[in-house]
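Each chain is listed here by its residues.
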4 protein chains.
Amino acid sequence: MNTQDRVPDDKIKLNKVGITDLKTLIKIKRKKKEYWHTPTINICIDLSEHKKGIHMSRLIECIIESLEEEIEEEHYSLEDLGKNILEKVRSKHSYEKGEISFRSDLPLMKKTPKSRKRTVEIHEIVVKVMYDKAWKKVLRVEVIGNTLCPHALELSGKTHIQRAKGTLEIECEFEKDVSLEEMIEIVEESFSSQVYTLLKSEDEAHVIETMHENPRFVEDVTRRILERSKRFGCKARAECISYESIHRHNVYSEGEL
Amino acid sequence: MNTQDRVPDDKIKLNKVGITDLKTLIKIKRKKKEYWHTPTINICIDLSEHKKGIHMSRLIECIIESLEEEIEEEHYSLEDLGKNILEKVRSKHSYEKGEISFRSDLPLMKKTPKSRKRTVEIHEIVVKVMYDKAWKKVLRVEVIGNTLCPHALELSGKTHIQRAKGTLEIECEFEKDVSLEEMIEIVEESFSSQVYTLLKSEDEAHVIETMHENPRFVEDVTRRILERSKRFGCKARAECISYESIHRHNVYSEGEL
Amino acid sequence: MNTQDRVPDDKIKLNKVGITDLKTLIKIKRKKKEYWHTPTINICIDLSEHKKGIHMSRLIECIIESLEEEIEEEHYSLEDLGKNILEKVRSKHSYEKGEISFRSDLPLMKKTPKSRKRTVEIHEIVVKVMYDKAWKKVLRVEVIGNTLCPHALELSGKTHIQRAKGTLEIECEFEKDVSLEEMIEIVEESFSSQVYTLLKSEDEAHVIETMHENPRFVEDVTRRILERSKRFGCKARAECISYESIHRHNVYSEGEL
Amino acid sequence: MNTQDRVPDDKIKLNKVGITDLKTLIKIKRKKKEYWHTPTINICIDLSEHKKGIHMSRLIECIIESLEEEIEEEHYSLEDLGKNILEKVRSKHSYEKGEISFRSDLPLMKKTPKSRKRTVEIHEIVVKVMYDKAWKKVLRVEVIGNTLCPHALELSGKTHIQRAKGTLEIECEFEKDVSLEEMIEIVEESFSSQVYTLLKSEDEAHVIETMHENPRFVEDVTRRILERSKRFGCKARAECISYESIHRHNVYSEGEL
């Protein structure tokens, strides 16, 4: 009998047992566009109180086999791939609850606001698929923007401005169609202004003007993200963290639908 | 009327609004021993849907005022200090839910196992105090140790060994007396072996012997931590992450009481 | 006159002025294989004591224009691309010294050692191109492996094992052909054993056996990397850091040719 | 013969062999004020091509013994302590070059600029002591502040502002008296404005006013730090990194005296 299949000394059920920080290469073909990811993957299943351990290498095998199929078929999204991996795991290893997440970069092509030049913007995303009697997923985007303080502006006409990070996390049934691109757009438009990798002088002036027209606390950014996420009709959680230019510390806000 | 006290555009209640990553200097006097901390502090309160923002500087003022009192009185633990700060916040700012956490280092004096030399071991801890109708706290310790794989050892008499990190988090009513030192000891004794900063040859031989007598999966470490935490009679959560020596990725386990 | 072109208050020459932590999407076609990178880019030029500032947006424009050409031509390596960008910068902005670096992931396809299954291994790399009268480059690979302590093994027949990271950095004239894949292979073969993402039981037994046949200190790993890098005939620097399983701290070694 | 004292397979001299990321507790008494540090310590010595390894545990022993003496005598600075440790190492282990560094926090008591309230500001510092025929030291401070863009301000009267980090590193003979507090003050005064943990409304208005009176590029900040460091009469290196509020990336400048 395998060591893993023995009865453990301490008979306690475990919620999550698996692998973290596994990096691999994934090619996704979606709506005729190809995306390569080298995500960081976490994959876990639960473990009954009667077994000493899980068979870790089976998790890896399922990831590799799914990726090889995918390379041949090339029709997955990260969430389809995640579900495929968890289903394959079930054929090799019993579990009641399982989950897999991919942390990766999503590149979006944009135009600068005034000079209309092409620029590429990279956003951090997390795609998580969970099985617990039913299939669910969590989609998360982390987007850079800024805040311009409305309180100081009102008091003196001058104010402080800083980089901020906004996060939107949607939890829904697996089948629901939620677009990461739309989630990113919601967060970007909730800041005092969007930011861009390339800014010519006229673009920079436009961004500065936009910031001054939209003074926002982190509280405003968080609420705006939530308000505009109502359209998805699912559980949503939003955060905004502002890397204050007048303090050593950060300012933070979090809420949920 | 202050900008913060206006009605917000998007009338949504927020769970947490406040400050993160604030560092300060704290001197604690406890059982005649003095401890200095330069913790990283997060402090948040909730915000009603009728107010645009919280008054961030009042949070900081309450931290500073509590620290000045504390420097005079010198009888606080980090949790007493946290509660004191949150109570002070309530006298300056209304809230329904509030929380403060301190991430810091806890130095423990030990003897090496065989040569009996003095050594200092530093552990990461988090102390969190929460108010939501009643006072609660969360205590967390993060402790370095190791795992020696029982499966490989059984198959061939040889095996792989690696550094691991064990985490224990206890959630309980505020008044309950739970010792961080005892929590650290529980995690240390759940590994294949404890680790030490100083090891003379005879100590190193002892650690290696101990590891080989206690082959453990991350699942075993997690369960052992949980089993030994039953004594506290509260909600407990344990994790073990193993920085595998035979893989690029980590192996992980999590459970709760 | 542009603000940047004014005389600065403090007339001091600066070594490096530019942009850090810029992420973008790069597609490289090399020997008929395609690679996508979303690297982190740093790009800097020097600045004379007579000018207040550099024109930052020109650096970005040069990156974007080079990438657009590259997407059409698809024949670059990261180092060709870096040189192209720096040459383009010179047509828009004077400088005496310039450098650009790309930090990225390099996926390599491998077979597991015994079961001969396919596995993908991801390594961190840095490619840096520098201009200072002549063109030079620095190539860096960071590779995960392990160390098995020869001293403890000799004393008692038992020992400690841990994950380690080896680094090799080659500095040479731009034209020289040095392969990142070969550099990675040199580091991998300098450890007590290579590591793999996928390991079936027979593979794991093989890795454990290999570690025990090759007990190595970090000093041994560093020297082996250097010895085997003599073939390149250039400046080389090697490091090994070992995440000790018997200590909280790490053990480190560094040397150069 | 100890394994470490054998002849290595690859006879290559190594520059640095030792320990990294060791945390310990240090109490310093200086000008009647006491400071506690829990620094991260790196300690390395060189290794001749004729020895396989260094005796790592002797480095730790020297740290622990020096700390115990220090606790009794209580008259050290971090640099005195570092020199004491390296001298002790030499009595137990031969070396030609040795170095030790401490990364720690330095708390400074300040008054807010207008309301004159007490606030504590924590700065990151590195103290490094090196022996190579003579004793030298490197002192480094990393200080948070901000930049306000002069170019945008000039063009439109409005501008962007962001958090920035300034670094000053001084290298000099060991005996030279250079104050970390003075180094921190130089960096703070080189930004568009200093930042504070506590800011009442009147203080915040003052900081915002100061930023607008001192528009600065990262280039200006770096040069100002260098200009004001000429007073030390030693090798100095300065950096400024600006976490741009209008971009995802950072802007960087570096120079030296």
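Residues numbered from 1 in each chain as written. Chains lettered and ligands numbered in written order. Predicted model: local features only at pLDDT ≥ 70, side-chain atom pairs only at ≥ 80, totals over all residues.

**Q** I tried to follow the overall build of chain A on my own but got confused; where do I start?
**A** For chain A, the helix and strand inventory stands at six helices and ten strands. Projecting the C-alpha coordinates of chain A onto the three principal axes gives extents of approximately 75 × 45 × 35 Å. By residue count, 54% of the 257 residues in chain A fall in the buried class. Put simply, of all contacts in chain A between residues at least 6 apart along the chain, 66% involve residues at least 24 apart. (Helix = DSSP H or I, 4+ residues; strand = E, 2+ residues; numbered from the N terminus. Buried ≥ 20, exposed ≤ 12 C-beta atoms within 10 Å, placed from the backbone. Contact = placed C-beta atoms within 7 Å.)

**Q** Even after reading the chapter, I still don't get the relation of the copies chain D and chain C, so can you show me in this structure?
**A** When chain D is fitted to chain C, the residual RMSD is 0.0 Å, and the transformation amounts to a turn of 180 degrees plus an axial shift of 0.0 Å. A rotation of that kind, with that shift, is consistent with a two-fold axis. Considering only C-alpha atoms, the part of chain D nearest the rotation axis is D:R237, at 12 Å. Interface overlap between copies: 100% of the residues of chain D at the interface are likewise at the interface in chain C, consistent with a symmetric, same-surface contact. (Least-squares fit on C-alpha atoms with pLDDT ≥ 70 in both.)

**Q** It is not clear to me how helix α4 (residues 180–188) of chain C should be interpreted in this structure. Could you clarify?
**A** Residue pairs spaced three or four apart in an α-helix point in one direction, given the helix's 3.6 residues per turn. Listed as buried for α4(C) are C:L180, C:M183, C:I184, C:I186, C:V187 and C:E188. For α4(C), the elements touching its buried residues are β5 (97–111), β6 (118–132), β7 (134–148), β8 (161–173) and α6 (218–229) of chain C.

**Q** Would you explain the relation of the copies chain C and chain A in this entry?
**A** One chain copy maps onto the other through a rotation about an axis and a shift parallel to that axis. Here chain C sits on chain A after a turn of 180 degrees about the axis and a move of 0.0 Å along it, with an RMSD of 0.0 Å. A share of 100% of interface residues in chain C that are also interface residues in chain A marks the association as one of identical surfaces.

**Q** I keep staring at the pairing of β5(C) and nothing clicks. Help me out?
**A** Each regular strand carries side chains that alternate between the two faces of the sheet. Residues and elements named next belong to chain C. Sheet analysis places strand β4 (residues 40–47) next to β5, joined by six bridges and oriented antiparallel. Paired with I43 across the bridge in β5 is I100. Both β5 and β6 contribute to a ladder of 15 bridges, which runs antiparallel. Bridge assignment links L106 to a residue of β6, and that residue is H123. (Pairing = 2+ DSSP bridges.)

**Q** How do you make sense of the interface of chain D and chain C when you look at a structure like this?
**A** With 41 residues of chain D in contact, the opposing surface of chain C contributes 41 residues. Looking at the side of chain D that touches chain C, the elements with two or more residues in it are β1 (14–23), β4 (40–47), α3 (150–156), α6 (218–229) and β10 (250–256) of chain D. Per-element tally for the side of chain D that touches chain C: the top contributor is β1(D), with nine residues. Residues of the side of chain D that touches chain C, tallied by class, amount to 15 nonpolar, twelve polar and 14 charged. Two strands pair when backbone bridges link them, and strand β10 (residues 250–256) of chain C and β1(D) are joined in this way by five bridges, in the antiparallel orientation. Paired with C:V251 across the two strands is D:I19, which belongs to β1(D). (Nonpolar A, V, L, I, M, F, W, Y, C, P; charged D, E, K, R; others polar.)

**Q** Explanation requested: the domain arrangement of chain A in the structure shown.
**A** By a widespread convention, an interface's size corresponds to the accessible area lost as its parts come together. Residue and element names in this part refer to chain A. Considered domain by domain, chain A is made up of domain 1 (1–95) and domain 2 (103–257). A straight line from the C-alpha centre of domain 1 to that of domain 2 covers 31 Å. Counting residues at the interface gives eight residues for domain 1, matched by eight residues for domain 2. No other element matches helix α2 (residues 78–92), which puts five residues into the side of domain 1 that touches domain 2. (Domains from an automatic or database assignment.)

**Q** What should I look at first to understand the interface of chain C and chain A in this one?
**A** Of the residues lining the interface, 20 residues belong to chain C; the matching set on chain A comes to 20 residues. At the level of secondary structure, the elements contributing two or more residues to the side of chain C that touches chain A comprise β1 (14–23), α1 (56–73), β5 and β6 of chain C. Residues of the side of chain C that touches chain A, tallied by class, amount to ten nonpolar, five polar and five charged.

**Q** Please explain unusual backbone geometry as it appears in this structure.
**A** Leaving glycine aside, a negative phi is the common case for residues, and trans is the common case for peptide bonds. Residues and elements named next belong to chain D. Phi angles above zero are rare outside glycine, and D21 is one such case at about 60 degrees. Relative to the elements of secondary structure, D21 occurs in strand β1. According to the C-beta neighbour criterion, D21 is partly exposed, with 16 such atoms within 10 Å. Its identity is not glycine, yet K133 carries a phi of approximately 70 degrees, on the positive side.

**Q** How should the environment of B:P215 be read in this particular structure?
**A** All names here are of chain B. Within the secondary structure, P215 is located in the loop between α5 (201–213) and α6 (218–229). Residue class for P215 comes out partly exposed when judged on the 19 C-beta atoms lying within 10 Å of it. A C-alpha to C-alpha distance of 9.7 Å links P215 and A152, two positions 63 residues apart in sequence. Excluding anything up to four places from it in sequence, P215 contacts L148, C149, P150, L153, T159 and S192.

**Q** Looking at this structure, I do not really get the environment of D:R90. What am I missing?
**A** On the secondary structure map, D:R90 appears in helix α2 (residues 78–92). Taking the C-alpha atoms as reference points, D:R90 and D:I45, separated by 45 residues in sequence, lie 9.7 Å from one another.

**Q** What is the right way to look at the environment of D:S115 in this model?
**A** Its location among the elements puts D:S115 in the loop between β5 (97–111) and β6 (118–132). The spacing of D:S115 and D:C62 is 53 residues in sequence and 48 Å in space, taken between C-alpha atoms.

**Q** Please clarify how the confidence of the model for chain A should be interpreted in this entry.
**A** Atom-level detail of predicted coordinates should not be read off regions where pLDDT is low. Confidence along chain A averages 94 in pLDDT terms, with 98% of residues attaining 70 or more. Complex prediction metrics read pTM 0.96 and ipTM 0.94. (pLDDT = per-residue confidence, 0-100.)

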